[in-house]
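Structural features, examined
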Amino acid sequence: MKQETFVLRHQDEWTEFEAWLVARGDSPRDARRQQARWQGLRDEDMPARYRRLCQQLALARSRGYSPQVVERLQSLTQRAHAVFYRAPPPQWRRALAFFLADFPRLVRAQRGCLWAAALLFVVPLVGAFVAVQMSPELVYTVYEPGQLAEYEQMYDPAAPERKLGRDSGSDLMMFGFYIMNNISIGLRTFASGLLAGVGSMVVLFTNGLMIGGIAGHLQSVGHGDPFWRFVAGHSAPELTAIVLSGAAGMQMGLALIAPGRRRRVDALIEAGKVGAKLCLGVFAMLLFAAFVEAFWSSIGWMPAVVKYAVGGLLWTLTLGWLALGGRGGSAHAALPRDPLSARPGMVGPDDPQPTPSRQGWHRDGDAAPPRDVEVAPSRDAA
């Protein structure tokens, strides 16, 4: 192929690639800020574009094209190589990016199971609260009389000097207890999803029923004020985290019973990876909830208006974070990927695509070679 035809055919492609490098590759911070407004090449298409550019550079060298063409292609490949293989950000920045952006995007990507889990938890909670208000004796179908007596003692408004929600123990000791208790509930809710998702549904329904039942009982016997002041602070991260654990478990159960066109084990592994990332965020939420519960919620002398104001603020921050965090990015960016596909390989975007077979995935050896992409010389193009 003549040089003029080669340049004319690929000129627009090189211009688009260079525009992406300037707008998206030079500064990660500017790239994140402008992502919603960017109209050029998609980020996920760039590895394939880079491979194609390397092939074009190899062809330009082997055909003896002018130094200007070779130098331009060499410059583009070097700049792209610096972008794709740059040093990863520090661990603390990666963790911060995960909790601020990737985790909320991942939560929203599971919106179907998330809404189902929320209904399975909220409906029995509200229903049990209302039912106990109307028929107080119904609480004995969920709790033993001795358990109810312990709850009434913990939230007795006649003892304002006591720590709310506990009989004894220092704040630090109760912090450790709350960590173990909250995280164990979250892990059970998630892991029980292996029972075709039914386990997570049962755990969500049972927890909602029990919380609504005890809340309704304490309200009906006149102990509602200490109870609401205690739960107002930590309820947002704790209850939301339990719902997210249930959604992750239900997603894993759904992959088990309805894998689609994937093998059941592959669907389960993929759902498990997503669930593991969700559990990482849930763990952080429950850790924060345990801290608030131990050092803030148990304060008995704090005015109710302050407790409710802080509780409302935490609910607003929690729901706003999950609803708005990472907006403008792709939900697929938060999903786990095959580590072998994280960096561009040296095959062209027009290469024959993998096709399924009984033995697994393979490349179609009979496919026609891509247009204008001959076999490149053996020396490294990049």
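Residues numbered from 1 in each chain as written. Predicted model: local features only at pLDDT ≥ 70, side-chain atom pairs only at ≥ 80, totals over all residues. Heavy atoms only, no water.

A closer look at the overall build of the protein chain
Looking only at helices and strands, the protein chain has 12 helices and 2 strands in total. Residue burial in the protein chain is summarised as follows: out of 382 residues, 39% are buried. Contacts in the protein chain between residues at least 24 apart in sequence constitute 78% of all its contacts with a sequence separation of at least 6. (Helix = DSSP H or I, 4+ residues; strand = E, 2+ residues; numbered from the N terminus. Buried < 20%, exposed > 50% of the residue type's maximum accessible area, 1.4 Å probe, protein only. Contact = heavy atoms within 4.5 Å.)

Details of the pattern of salt bridges
The final tally for this structure, using the stated rule, is 10 salt bridges. With its nearest N and O atoms 3.9 Å apart, the salt bridge here joins Arg79 to Glu18. One end of the pair, Arg79, is in helix 4 (residues 67-84); the other, Glu18, is in helix 1 (residues 3-25), with 61 residues separating them in the sequence. With a relative accessible area of 28%, Arg79 lands in the partly exposed category. A salt bridge links Arg229 to Asp225, with the shortest nitrogen-to-oxygen separation between them at 3.1 Å. Here Asp225 and Arg229 lie together in helix 10 (residues 224-257), a separation of 4 residues that amounts to about one turn. (Salt bridge = Lys/Arg side-chain N within 4 Å of Asp/Glu carboxyl O.)

Thoughts on the confidence of the model for the protein chain
Scored by pLDDT, the protein chain has a mean of 81; 80% of the residues are at 70 or more. Every residue in residues 330-382 is under pLDDT 50, and counting partners more than four places away or in other chains gives 73 contacts. (pLDDT = per-residue confidence, 0-100.)

What to know about the packing of aromatic side chains
Going through the model one piece at a time under the given rule, you end up with 16 aromatic pairs. With a centroid separation of 6.0 Å and 85° between ring planes, the pair formed by Phe175 and Phe291 is classed as edge-to-face. Of this pair, Phe175 sits in helix 8 (residues 171-191) while Phe291 sits in helix 11 (residues 264-297), and the two are 116 residues apart along the sequence. Among the residues examined, Phe291 registers a relative accessible area of 44% and is labelled partly exposed. Grouping aromatic residues by their ring pairs yields a cluster made of Phe129, Tyr155, Phe227, Trp228 and Phe230. Geometry around Trp296 places Lys307 over its ring, the cationic atom sitting 5.9 Å from the centre. (Phe/Tyr/Trp six-rings, centres within 6.5 Å; stacked < 30°, edge-to-face > 60°. Lys NZ or Arg CZ within 6 Å of the ring centre and 35° of its normal.)

Thoughts on the packing of helix 10 against helix 12 (residues 304-324)
For the pair helix 10 and helix 12, interaxial distance at closest approach is 8 Å and the crossing angle is 10°. Looking at the two axes, helix 10 sits roughly parallel to helix 12. Judged by residue contacts, Asp225, Trp228, Arg229, Ala232, Gly233, Ser235, Ala236, Pro237, Thr240 and Leu244 of helix 10 engage Ala304, Lys307, Tyr308, Gly311, Leu314, Trp315, Thr318 and Leu322 from helix 12. Split into classes, the residues belonging to the contact of helix 10 with helix 12 amount to 10 nonpolar, 5 polar and 3 charged. (Axes fitted to C-alpha atoms, helices over the stretch in contact; angles between N-to-C directions. Parallel < 35°, antiparallel > 145°, perpendicular 65-115°, else oblique. Nonpolar A, V, L, I, M, F, W, Y, C, P; charged D, E, K, R; others polar.)

Looking at the nonpolar core
Judged by nonpolar contacts, the single largest core of 50 residues is most densely connected at Phe103, Val107, Leu244 and Leu278. Broken down by secondary-structure element, the contributors of at least two residues to this core are helix 5 (91-109), helix 6 (111-134), helix 7 (145-154), helix 8, helix 9 (198-220), helix 10 and helix 11. Of the residues forming this core, the biggest block, 12 residues, is contributed by helix 10. Setting aside its immediate chain neighbours within four residues, Leu278 contacts Phe103, Leu106, Val107, Gln110 and Ala248. Listed in part, the 19 residues of the second largest apolar core include Trp14, Phe17, Leu21 and Cys54. (Core = buried A, V, L, I, M, F, W, Y, C linked by side-chain atoms within 4.5 Å.)

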